[in-house]
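Letter by letter, the chains look like this.
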Amino acid sequence: MLMDDPPLQVQTVLISLLSFTTNQASLTVSPSSSQLFKGESFSLSCEEDDSSAGWTLRRNTSDEIRTQCGDGWGRPAGSSCNISFMLTRHSGVYWCESREGATSNNITITVTGGPVILQSPVLPVMEGEDLTLTCRTKTSSNLPADFYKDGSFIRTEPAGHMTIHHVSRSDEGLYKCHISSVGESPPSWVSVTGEEVIFDFRSSFIQIFT
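Residues numbered from 1 in each chain as written. Predicted model: local features only at pLDDT ≥ 70, side-chain atom pairs only at ≥ 80, totals over all residues. Heavy atoms only, no water.

Let's talk about the pattern of salt bridges
Inclusion rule: Criterion for a salt bridge: a side-chain nitrogen of Lys or Arg within 4 Å of a carboxyl oxygen of Asp or Glu. For the purposes of this entry, the term helix denotes a DSSP run of H or I that reaches at least four residues, the term strand denotes a run of E that reaches at least two, and both are numbered from the N terminus. Note on classification: 1.4 Å probe, protein chains only; a residue is buried when its accessible area is under 20% of the maximum for its type, exposed when over 50%, partly exposed between these limits.
Under the definition given, this model contains eight salt bridges. A salt bridge links Glu 97 to Arg 66; the nearest nitrogen and oxygen atoms lie 2.4 Å apart. Remark: Arg 66 occurs in the loop between β4 (56–61) and β5 (67–68) and Glu 97 occurs in strand β8 (residues 92–97); sequence separation between them is 31 residues. The exposure class of Glu 97 is buried, given its relative accessible area of 10%.

Here you go:
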C-alpha cells in the first residue's frame, strides 16, 4: 500500500537522483596513456548510459576553456572525438558533457615535444591491482630507465617497464622516468581508488515510498 505523497523537497531530490542514474557517461581514451608525443593520434569516447542525453567531448587547455570537439580541434563522430595529430597545445583536461550539463569523469593529457614519455594509466587504478609504467622514446619502449615518484628515485628497470604489484593508496603520486643520454619524461599523476560501490537510488527510493 502506498504511503502519502512525500514532501515536495523529497520528491525533488528523488527526481534528481533518478535523473542522475539514467544520464551518466564514462570517458575512455585510446591509446590509454596520460602522456603522448607530439604528432601522435588520439581518440576519446563517451561510453553512455543514455544516448539521448547528447554527450559531447569538451576540454580545458592553457588557452581554451570548455571548448567542444569540432570547435577548432578534433573530428567528432557521434559521442567520440578523434585527433589525428596531437600538438603540445592539446595538453589539458578532457571530459564528456551532456546537453543538460551532466559531466563524466575527467582526464588529464600531456602532449610533449620532448624525447621521452611515461606511459601511465589515464584512469584511477583500483586498489589491489597491478600498476605498470612504461618509459619510452618515439622509437623504443625497452631501454633501461630510472623511475621516480614524488621526486624520489624508486629503481632502475633494464627493460623500461616498472610494475607495482597490488597497489595501495600509498602508491598514489607524481611519477616520471629518465632514460640516460636521451632525456626525461614530463611528470604524471597516478590515482589509486578503492572498490567502487554502486548504490541503486531508484530501488531504494521505491522501497522508502511504498
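So, next bit.
Points about the pairing of strand β16 (residues 173–179)
Successive side chains on a regular strand alternate, one facing one side of the sheet and the next facing the other. Defined as follows: Here, strands pair whenever DSSP counts at least two bridges between them.
Pairing of strand β13 (residues 145–149) with β16, which is carried by four bridges, proceeds in the antiparallel orientation. Residue pairing across strands places Asp 146 opposite His 178, the latter belonging to β16. In this structure, β16 lies alongside strand β18 (residues 188–190), joined through three bridges in antiparallel fashion. What sits directly across from Gly 173, in β18, is Val 190. Relative to strand β17 (residues 183–184), β16 runs antiparallel, the two being bridged by two bridges. Looking at the pairing, His 178 lines up with Glu 184 of β17.

Quick word on the nonpolar core
Under the convention used in this document: Buried Ala, Val, Leu, Ile, Met, Phe, Trp, Tyr and Cys residues that are joined via side-chain atoms within 4.5 Å together make up what is termed a nonpolar core. Here a residue-residue contact requires only that any non-hydrogen atoms of the pair lie within 4.5 Å.
Counting residues in hydrophobic clusters, the biggest one holds 20 residues, and the most contacted among them are Leu 44, Leu 57, Met 86, Tyr 94, Ile 107 and Ile 109. Ignoring any residue separated from it by four or fewer positions in sequence, one finds Tyr 94 in contact with Leu 27, Leu 44, Arg 58, Arg 59, Trp 73, Ile 83, Met 86, Asn 105, Asn 106, Ile 107 and Ile 109. Counting residues in hydrophobic clusters, the runner-up holds 16 residues, among them Leu 131, Cys 135, Val 167 and Ile 179.

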